Amino acid sequence: MPAVQLARLKAEIQDLSWQFANPAEYSQGLRELLERYADRVYRPSETQPRLKRVQGFRVPALVLNQIELELERLSRENPGASLLLAEALWKQPYAESHLLAAFLLGRAPLSPPEAVLERLRTWCQAGEDAQLTAEVLKQGSARLRREQPELWLQFAREWLVVPQLAYQKLGLRALLPAIADREFENLPPIYPLITPFLKGNPAAIQDELHEILQALARRSPNETVFFLRQLLNLGLPANSLRLIRRLLPAFSREYQASLRSLLLAAGSPPTENSHTG
């Protein structure tokens, strides 16, 4: 099949833009546009994230990227329409529409912020497609993380204190986009949020905890090592000791040596690859 013609694609997206304030018409036009580009020059590495539980057109990443660029402009010019269109797109039963809805949600006005938060609560349900949830949390929280970081952490905390493990996982995943966002500078409150899980450390959330600790190690190694030293001095269960031992390669040799000595004192032997730095 021929490659996507950028000039033609931009013209089609521009034509669609006239319906930005008319959610039903925009949704229909978007579907028709995506159908025209469905499976065209498909390569897994060239597409947007594939969602396991949501059908999609599998359009090339270029198509969605160009739509997002135009939606970014339109949401600045007409912010009041962003939330309504995001809601309409989310109701469509295909992956690309859900991803674009999350993108728009992250650009919707925060007056009041509860309008955005309520959609995040509704769209991110326990047991849903994990990759879609990750994209919604990342894209849909963009303005909240940067303009009201305390509120975003409070939102994550709501899930973390729910007894059900599936919602605790959602809360932990909600922390990841904040840690990865270099514009998000309010890292210190994140450490006490994950402390109870490291002290208890159910085996079912090992992956989420490891991903968070790795992200923190990349963003702020000094602060993260200080945090881990404090926990090790207080005492941790065996699962958490193994988790920290797996984390050692993320740090410099100096930090590894410091943590390893505390791990040995706690009765956790080093692994073969824990000397890498």
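So, here's what we can say about the structure. The structure displayed is predicted, hence computed values, not measured ones. (Residues numbered from 1 in each chain as written. Predicted model: local features only at pLDDT ≥ 70, side-chain atom pairs only at ≥ 80, totals over all residues. Heavy atoms only, no water.)

1. Quick look at the environment of Arg 173
When you line up the elements, Arg 173 lands in helix α10 (residues 165–180). You can call Arg 173 partly exposed: its relative accessible area is 26%. Separated by 39 residues in the primary sequence, Arg 173 and Ala 134 have C-alpha atoms spaced 7.0 Å apart. If we ignore the near neighbours within four places in the chain, the residues touching Arg 173 are Leu 137 and Glu 208. A polar contact is formed between the side chain of Arg 173 and the side chain of Glu 208, at a distance of 3.3 Å. (Helix = DSSP H or I, 4+ residues; strand = E, 2+ residues; numbered from the N terminus. Buried < 20%, exposed > 50% of the residue type's maximum accessible area, 1.4 Å probe, protein only. Contact = heavy atoms within 4.5 Å. Polar contact = N/O pair within 3.5 Å; in protein donor to acceptor, adjacent residues only side chain to side chain.)

2. As for the packing of helix α1 (residues 6–17) against helix α3 (residues 61–77)
Look at α1 against α3: their axes get within 10 Å of each other, and the N-to-C directions meet at 40 degrees. One finds that α1 runs oblique with respect to α3. Helix-helix and strand crossings are classified by hand; for α1 and α3 the assignment is right-handed. Each of Leu 6, Leu 9, Lys 10, Ile 13, Gln 14 and Ser 17 in α1 lies in contact with α3, whose residues at this interface are Leu 62, Val 63, Gln 66, Ile 67, Glu 70, Arg 73 and Leu 74. Residue classes in the contact of α1 with α3 are distributed as seven nonpolar, three polar and three charged. (Axes fitted to C-alpha atoms, helices over the stretch in contact; angles between N-to-C directions. Parallel < 35°, antiparallel > 145°, perpendicular 65-115°, else oblique. Left-handed = near helix turned anticlockwise from the far one by under 90°. Nonpolar A, V, L, I, M, F, W, Y, C, P; charged D, E, K, R; others polar.)

3. Regarding helix α4 (residues 82–90)
Judged by how many residues are buried, α4 sits mostly within the fold: seven of nine residues are covered. The set of residues buried in α4 consists of Ser 82, Leu 83, Leu 85, Ala 86, Ala 88, Leu 89 and Trp 90. In this fold, the buried residues of α4 make contact with α2 (23–37), α3, α5 (95–105), α6 (114–123) and α7 (130–140).

4. Some points on the nonpolar core
Side chains of a nonpolar character, in soluble globular proteins, are inclined to be buried together. Of all hydrophobic cores here, the largest spans 86 residues; its most connected members are Leu 34, Ile 67 and Leu 175. In this structure, Leu 34 is in contact with Phe 57, Val 59, Val 63, Leu 64, Ile 67, Tyr 94 and Glu 96, ignoring residues within four places of it in sequence. (Core = buried A, V, L, I, M, F, W, Y, C linked by side-chain atoms within 4.5 Å.)

This is a description of form; function is not addressed.
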